[in-house]
Structure formats: structure tokens, C-alpha cells
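As a plain string of letters, each chain reads:
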Amino acid sequence: MTSTAAPWAQAPVKVGLVGAGPWAQWVYARMLAAGPETELAGVWARRPEAAQETAAPYGAPVAARFEELLDSCEAVAFAVPPAVQAELALRAAKAGKALLLEKPIAQDLAAARQLVDAIGEAGVASQVTLTNRFHPETRRFLAAASEADVFGARAAFLSGAFLGGAFASPWRLEQGALLDLGPHVLDLLDASVGPITRVRGTGDPRRWIELTCEHENGAVSQASLSGSVNVAQGSARVELFGSGPELVFDSAELDHEETWPVLRREFATAVRSGVAGELDARRGLHLQTLMAQVSEG
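Here, residues in each chain are numbered from 1, in the same order as that chain's written sequence. A pLDDT threshold of at least 70 governs which residues receive local features in this predicted model, and a stricter bar of 80 or more applies before side-chain atom pairs are shown or counted, although totals over entire chains, interfaces and linings include all residues. Note that the side-chain values use all heavy atoms of the structure and ignore hydrogens as well as water.

(A) Region of interest: helix α4 (residues 82-94). Here α4 contains 13 residues, and its C-alpha end-to-end distance of 18 Å stays within 8% of the 18 Å for a straight helix at 1.5 Å per residue. Working definition: with a 1.4 Å probe on protein chains only, accessible area under 20% of the residue-type maximum means buried, over 50% means exposed, and in between means partly exposed. The helix count covers DSSP runs of H or I at least four residues long, the strand count covers runs of E at least two residues long, and both are numbered beginning at the N terminus. What α4 keeps buried is the set P82, V84, Q85, A86, L88, A89, L90, A92 and A93. One or two positions beyond α4, positive phi appears at G96, with a value near 85°. Expected helix span is computed as 1.5 Å times (number of residues minus one).

What follows is the structure, given as C-alpha cells:
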């Protein structure tokens, strides 16, 4: 893990932001503008007024066209639906820009493969915003899991986000919890229990879906996913069982503000070093491959 305690001795990475929705405003713009590792170089969105609203608090310029944003930055962060991200990130990679990608990295496996191939051909750094993974407490959980004898696990990622509000977006309502929450839960189970080799699913992703995962080491895990349940507070919980004491990850106990400085430092480090970390676009492709197994039945 990259330490955020040491002073940042290099020039800030100039990052352009694509998107101006709630996540762009509440997280990305604020995080990138905070520095010192990054500088919010500009904002582009299909709605100019939303782009202006996102950029204004930080004095960042608004790009009139996507190509104009590319000309003003050395890296691009995306806060747009998966299908839009895959198309624009492909163009950004071919223009030699590093990529900070949302999960899932694309709407389908074919587009995800095309994007990862383009990133590899361009030789640019990439990072996927699997938010839980950048929190120090998650990393302590994964370190403990790496030393444990785990042969069973269960997880529940539940929320009422699809019932209304800022995150009841068309792509989430259409694709459901598998595409939205699936990357998070599959990533944590894969990292804590062992590499997943097979995933099966039952249920309706737009209501409630159950996943059963087979792991390389013979372990089995199960996960419940829903964005359509009437709960007071969303939850993300993973429980590991084996020959030793139970290990638990529970996002309800986390201060999520601890996530963003780590994410920002590690992305900037990848850009400046040219060496992507574990959570790069290839990781995103692995998760997309697992989700495709569910969709294929």
C-alpha cells in the first residue's frame, strides 16, 4: 500500500473529469481538487450547465468538447454509465491518457475486453474505483484473511438505492444489482477467500439475486445482492469462516473519508511511475468475466 503520510514530491497529475452527476460532484471533483497528488484540470459533461456546477467550487475550467478535455490533461477520471465510460475511455487510452475508471468498467464483457486491450496497447496506467479496497480497515481485513484457513464465506450487499434518489439512474434500474454491486462483492470475496473460478446466480438482479462462488482453493462463498430493498441504511458485509475465528468486514463501521486520500495517492503514483497497481483495468476485466458467467447461466 502506498503511504499517504510521506510528502508528495512530484508535480500533481492533471486529471480531467468526465461526468457531472452526484458521484462526480460529491466524490471525484472534491477528491481530485484536494491534491497535492492531483489537480482537477477540467470537467466535461454532456450537459454544460451540470459541468459548470461541478467545476465552479474548485475554479476548474469546463471543456466544451471531450477532445478539449483530453488536450488539457494527462489522465481522465470517469463518473458516467458503464456503456458511456467504455466508449470514451477507449478514446482516452488511444490518446495516451491514464484512466481512473468506475466499476463496472463496461456494460458487457466484449466492451471490457476491447478497453483493456486498448489500455495495454497504449501502455497507459489505469485504476478502478473499487472504493472499499482503498480503505485502511479493508486492507487490515484482507491481511488477516490471507493468513486464515477459510473454506466458507457469506456476504450481503443491500440497499434501497434503486427505489429513488440520486443513484436510481437508468442503467442501474435496467441492469440491477449484479452490474452495480457485483464488482464490489466479487472483488472482496475473490481477494479474501481466494481466486474465484466459477459463479452461478439465481434470482432477479433488479430485485434480489443470490450468487454462489466456487474458489480455486475449494472454498465456497455465497452473496446476496439487492438495491431494491427498503432498509434504513445500506449495508456491505462479508463474513469468513474456517478453522480459525470468524473474520468480518462491515462497511457500516467505516469512515469513508479515509478512502479518498489513499485512492488519490495510489492513482497518482501509478501515473507517475507508469506501473499500475493491483486494482487496474485488468482487475475490472476479471470481475466483468465473473459477472458474465452469471448472466450466461
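From this point on, the discussion continues.
(B) Structural detail: the pattern of salt bridges. Any carboxyl oxygen of Asp or Glu that lies within 4 Å of a side-chain nitrogen of Lys or Arg is treated as forming a salt bridge with it. Within this structure, the stated rule accounts for 21 salt bridges. One salt bridge connects E239 with R237, and the closest N-O pair in it is separated by 3.1 Å. What makes R237 partly exposed here is its relative accessible area of 31%. Through salt bridges with shared partners, one network takes in R133, D187, D190, E278 and R283.

(C) Region of the structure containing the nonpolar core. If you look at the biggest cluster of nonpolar residues, it comprises 103 residues, and the most contacted ones within it are F78, L101, L186 and L189. For this core, the leading source of residues is helix α8 (residues 177-192), giving eight residues. In this structure, F78 is in contact with V18, Y28, Q85, L88, A89, A92, L99, L100, L101 and E102, ignoring residues within four places of it in sequence. Think of a nonpolar core as a cluster: buried Ala, Val, Leu, Ile, Met, Phe, Trp, Tyr and Cys residues, connected wherever their side-chain atoms sit within 4.5 Å. We call two residues in contact whenever any of their non-hydrogen atoms come within 4.5 Å of each other.

(D) Broad picture of the pairing of strand β3 (residues 75-78). Here β3 shows no split at all, with A75 and A77 on one side and V76 and F78 on the other all buried. Here a strand pair is declared whenever DSSP counts at least two bridges between the two strands. As judged from the three bridges shared by β3 and strand β4 (residues 98-101), these two strands associate in the parallel manner. Each residue of the ladder has a partner; that of V76, found in β4, is L99. As a crossover connection, the stretch from β3 through α4 into β4 is right-handed. Call a crossover right-handed when, viewed with both strands pointing away from you, the route from the first strand across the helix to the second goes clockwise.

(E) Molecular detail of the sheet that holds strand β5 (residues 126-128). The strand order across the open sheet formed by five strands is β2-β1-β3-β4-β5, and the pairing between neighbours is parallel. Strands with a single pairing partner mark the edges of an open sheet, and in this sheet they are β2 (38-44) and β5. When strand polarity is set aside, the average angle formed by the axes of neighbouring strands in this sheet is 20°. Relative to β5, β4 runs parallel, the two being bridged by three bridges. Interaxial angle, 0 to 180 degrees, is taken between N-to-C directions of lines fitted to C-alpha atoms, where a helix line uses only the stretch in contact.

(F) Just the sheet that holds strand β11 (residues 247-250), in detail. In spatial order, the strands read β7-β8-β9-β6-β10-β11; together these six strands make up an open sheet with mixed pairing. Only two strands of the sheet have a single partner each, and these edge strands are β7 (196-204) and β11. Between one strand axis and the next, the sheet turns through 10° on average, direction left out of account. Where strand β6 (residues 150-158) meets strand β9 (residues 220-226), seven bridges bridge the pair, whose relative direction is parallel.

Such coordinate-based values are descriptive only and should not be taken to indicate function.
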